[in-house]
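# Geometric and topological summary
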Amino acid sequence: MRILPVTFLQLLFAWTMHTWADMGRIRQKRTWIIDSYSIEEENPGPFPYKLGKIELDGNYRERVHFELGNMGSLENILIIDNNTGEISVRGKVDYEAIGKYTHNLYFKATNKHNHSVVSRLGVEIKILDINDNPPIFDESNYEVTVEESHAQGEKVLVVSASDKDDSKAPNGTFSFTIKSVTPKTDNVEFYIQQNNQNGTIYFKGCLGYEKAQKYTILVEAKDHGEVKKLSSTSTVTVKISNKNNHLPEFSGQTGSGKVKERYIGTEVLRLQVTDKDSRGSKAWKAKYTIHGDRKNIFKIETDPNTNEGILTVVKPMDYEEQTYQSLSISVQNEAPYFSCTIEKRPHDSMWELNRFFETPGTSDPNLYKSIPVTIYVEDVNDPPVFIPPVKDVVVMENTDAGIYLTTITAVDLDEVHGNTIRYIKGEDVAGWITVDKETGNVSTAKILDRESPSVINSVYEAIVYAADDGSPPLTGTGTVRIHLQDLNDNVPLLTVGQVHMCLDKEPTTVNITAVDLDLPPYSSPFYYELLGDVEGKWRIDPAHGITVNLYKDSNVYSGHHSLQMRISDQQGISAIQNLSVTVCNCGRHSKCQRMVPSVRMGIGGTCGVLLAVLLLAAMLLLALLCRRETFKFPINYEGSSYLMKSNTEHEGTDCEVPFSVKSFQQSTSQARYPGKQTDARIQNSIYPDQLPLKSICTNSSMCSFREIRHFQVEKKLILQSLPPFMSAAQTEMK
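Everything in this summary refers to the structure shown in the same document.

Thresholds applied
- Residues numbered from 1 in each chain as written.
- Predicted model: local features only at pLDDT ≥ 70, side-chain atom pairs only at ≥ 80, totals over all residues.
- Heavy atoms only, no water.
- Buried < 20%, exposed > 50% of the residue type's maximum accessible area, 1.4 Å probe, protein only.
- Helix = DSSP H or I, 4+ residues; strand = E, 2+ residues; numbered from the N terminus.
- Pairing = 2+ DSSP bridges.
- Contact = heavy atoms within 4.5 Å.
- Phe/Tyr/Trp six-rings, centres within 6.5 Å; stacked < 30°, edge-to-face > 60°.
- Disulfide = S-S within 2.5 Å.
- Patch = residues over 30% accessible without salt bridge, like charges linked within 9 Å, V, L, I, M, F, W, Y side chains within 5 Å.
- Areas by Shrake-Rupley, 256 points an atom, 1.4 Å probe, with all protein chains shown as cover.
- Salt bridge = Lys/Arg side-chain N within 4 Å of Asp/Glu carboxyl O.
- Core = buried A, V, L, I, M, F, W, Y, C linked by side-chain atoms within 4.5 Å.

Moving on: the pairing of strand 26 (residues 370-378). Every second residue of strand 26 is oriented toward a common face, the buried set being Ile371, Val373, Ile375 and Val377 and the non-buried set Ser370, Pro372, Thr374, Tyr376 and Glu378. Alignment of strand 23 (residues 324-333) against strand 26, held across seven bridges, turns out to be antiparallel. Among the inter-strand pairings, Ile329 is bridged to a residue of strand 26, identified as Ile371.

Structural data, given as structure tokens:
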């Protein structure tokens, strides 16, 4: 216990304040610190024990009441005697729990009678820390992975620790040390550098995956306590990842080292290597490179399981061109190579090392090893080869069969085998050629036509084969291309043989087009010319071209008309053709072909039916008169007439086209003269001798003079065509 006397001046000041307070004139408070006490942390007692006593002048001791204020965390630790001012400690003090080194309290002395403040002074309480807490690491175990190529002097890992004791005293400060490293190898030395509460681990030397795949480091943090030193440890695990610090080395090869000519996809060799790096890693996987293969005939791949290099042929080799191929093959790893060797181990500085790093994506030819490889080519039977592979020949079209065109030639490149070659015709779509199996002579088998659908752009192609008698027999393929020169052997032809035109008061027109299968100058443009009685009725304008206009004048009647025209090419080669033109009143329709036959029958139709009845009666009469002779009289009713639909009542709008006399003449002539062939002009509708009779046009009221006259003319023609023995009937019909 300590008792510090109050100085004379302090007592004088306190007496003055007390006197003024008693007199009621002033009331003054003071908080001057008049004493300081210390409490040792974790003092075992016994409790309570006296810490100190506040002394006042004896004149006031019995007249004042003592109190402590601003206790804070010491509320339950300190106590003061209200009468004597004695301060006592009644329990243990924990420095870390209280959280302060110094606590400023105040005591207050008040008048027992009127409770006025006699004195108010400060008291300082200091807590003396003891070393009761060791440094504690933030983590009990640390783990990190570094590459094998990690350089010395570069940070590996940072550890941290803290101490709850007074950080300004030795008890709360600490130091890091490496207590042990497992395993202990001669290629590396770990050390730690401290910065306040952090410790950074480094190493000297070269990491080696083959030396150790991981290191276990025990790090200690120990405080600087004077009485006793406390410490704790943490375990640091440093894992080493394998890098490419070992070069692959060739250890052998397997395979024949031979390839048959023209064979591709064949495995020729397998190359074996050894590598000390971790199996399956990029530092272990081999990457092979072929040198001296200017034609890129070979490729080499890595077997992912065995790390072998597989050499394969990817382009066919020809024994006649080369019998062997010399190559050089080098090997490296997928990961860039590095190396680290220790030259010297000084104690007070970094070790002296020899380090090498390969730049990624580059290859040092002096770094990697290579071996020579020779691949031999084995001779096999080669197929015959056509020289040239495509034989072109030019010939005029319409060349007769049996004409020599050309000779195809195939050779056998095998000098050793010396096979015999025979020629065979392959694809010949039109069957136009023959091939001599021994000489290869190509001749025509049919007349060659440039306009044939088998000819494309005036060229006809045929496939030919050359087969040898080797083992196995092989076949070569060639092509014969026949270029056909054009002749003017085709005439212009109309693309359509029938057109439709509308009946109109004004001239109407329709397009007609012709084509010629020949090439210029034997084809278009064409010259069109109308033949026959067309003046004032039909005309072509322009007359020169591919497509021209056919004009119909307004005086052309409705019905079917057959126009004869001559169409000539540029060389004057022509053909006379018939064009069937249907003229009718279109009405609301735009095209005649959309109309259907009408059910109406005009006067002309009635006259036609009457004529048919008369003819039938005449034939029955003749059959009765001529009983001794059997005669079959053919009557062709087909196409006798038909009615065209019309939706108007105007004059001349209903069209009936009478039957053709041609069929009737043919049947009559054959019956009259059995076995005799009729005139070809009658049989072939392309000639103009069969121009149909003009239409008999009627309306619903009467038959015009022109219509009656036309009817009489047709009747006369029919009667003239009857056989002579029917003269009586003829006279009667007239």
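The next subject is the side chain of Thr200. Looking at the element boundaries, Thr200 is found in strand 14 (residues 198-205). When its relative accessible area of 14% is taken as the criterion, Thr200 is described as buried. If sequence neighbours within four positions are ignored, Thr200 has contacts with Lys155, Leu157, Val158, Tyr191, Ile192 and Gln193.

Topologically, Val146 is positioned in strand 10 (residues 141-147). A C-alpha to C-alpha distance of 9.3 Å links Val146 and Leu207, two positions 61 residues apart in sequence. Residue contacts for Val146: discarding those within four places in its chain leaves Val156, Leu207, Val238, Lys239, Ile240 and Ser241.

Strand order across the open sheet formed by five strands is 37-44-43-39-41, with mixed pairing between neighbours. What marks the edges here is a single partner per strand, and that holds for strand 37 (498-502) and strand 41 (544-545). With five bridges connecting them, strand 39 (residues 526-531) and strand 43 (residues 559-568) associate as antiparallel partners. Bridging across to strand 43, Leu530 finds its partner in Met565.

Attention now goes to the packing of aromatic side chains. Describing an aromatic ring pair means giving the distance of the ring centres and the angle of the ring planes. Evaluated as defined, the whole model comprises 12 aromatic pairs. A centroid spacing of 5.2 Å and a plane angle of 65° characterise the contact between Phe190 and Tyr215, whose relative ring orientation is edge-to-face. Here Tyr215 lies in strand 15 (residues 214-223) and Phe190 lies in strand 13 (residues 188-195), a separation of 25 residues in the sequence. For the residue pair Phe190 and Tyr215, the accessibility class agrees, reading buried in each case. Every member of this aromatic cluster is reached through a ring pair, and the members are Phe137, Phe174 and Phe176.

Okay, the state of the cysteines next. Between two cysteines, a covalent bond joining their sulfur atoms is known as a disulfide. Applying the stated criterion across every chain, the model contains one disulfide. Put simply, Cys206 and Cys340 are joined by a disulfide, and their sulfur atoms are 1.8 Å apart. Judged by the sign of its S-S torsion, about -60°, the bond between Cys206 and Cys340 is left-handed. On the criterion of sequence distance, the pair formed by Cys206 in the loop between strand 14 and strand 15 and Cys340 in strand 24 (residues 338-344) is long-range, its members being 134 residues apart. Judged by its relative accessible area of 5%, Cys206 is buried.

A few words now on a nonpolar patch on the surface. Residues Val385, Ile387 and Leu413 make up a contiguous nonpolar surface patch of about 230 Å² in total accessible area. By the element assignment, Ile387 lies in the loop between strand 27 (385-386) and strand 28 (390-396).

Now for the nonpolar core. Residues Val159, Phe176, Ile201, Tyr215, Val219, Val236 and Val238 are the most contacted members of the largest nonpolar core, which totals 24 residues. Listing elements by their share of this core, those giving two or more residues are strand 10, strand 11 (157-162), strand 12 (174-182), strand 13, strand 14, strand 15 and strand 16 (231-241). Top contributing element to this core by residue count: strand 15, with four residues. Those residues in contact with Ile201, other than ones at most four positions away along the chain, are Glu154, Lys155, Val156, Leu157, Val159, Phe190, Tyr191, Ile192, Ile217, Val219 and Val236.

What follows is about the sheet that holds strand 9 (residues 136-137). To summarise the sheet geometry, strands pair through backbone hydrogen bonds and adopt either a parallel or an antiparallel arrangement. Spatial ordering of the open sheet is given by 9-11-14-13, a layout of four strands whose pairing is antiparallel. Looking along the sheet, the strands with just one partner apiece sit at the ends: strand 9 and strand 13. Here strand 11 pairs with strand 14 via four bridges, running antiparallel. Directly across from Val158, in strand 14, lies its bridge partner Thr200.

Moving on, we come to the pairing of strand 19 (residues 267-274). With six of eight residues buried, strand 19 is to be regarded as a mostly interior element. For strand 17 (residues 249-254) and strand 19, the ladder comprises five bridges, and the chain directions are antiparallel. Each bridged residue has a counterpart across the sheet, and for Gln253 the counterpart in strand 19 is Leu271. Relative to strand 22 (residues 309-313), strand 19 is paired through four bridges, and the arrangement is antiparallel. For Leu269, the partnering residue across the bridge sits in strand 22 and is Leu311.

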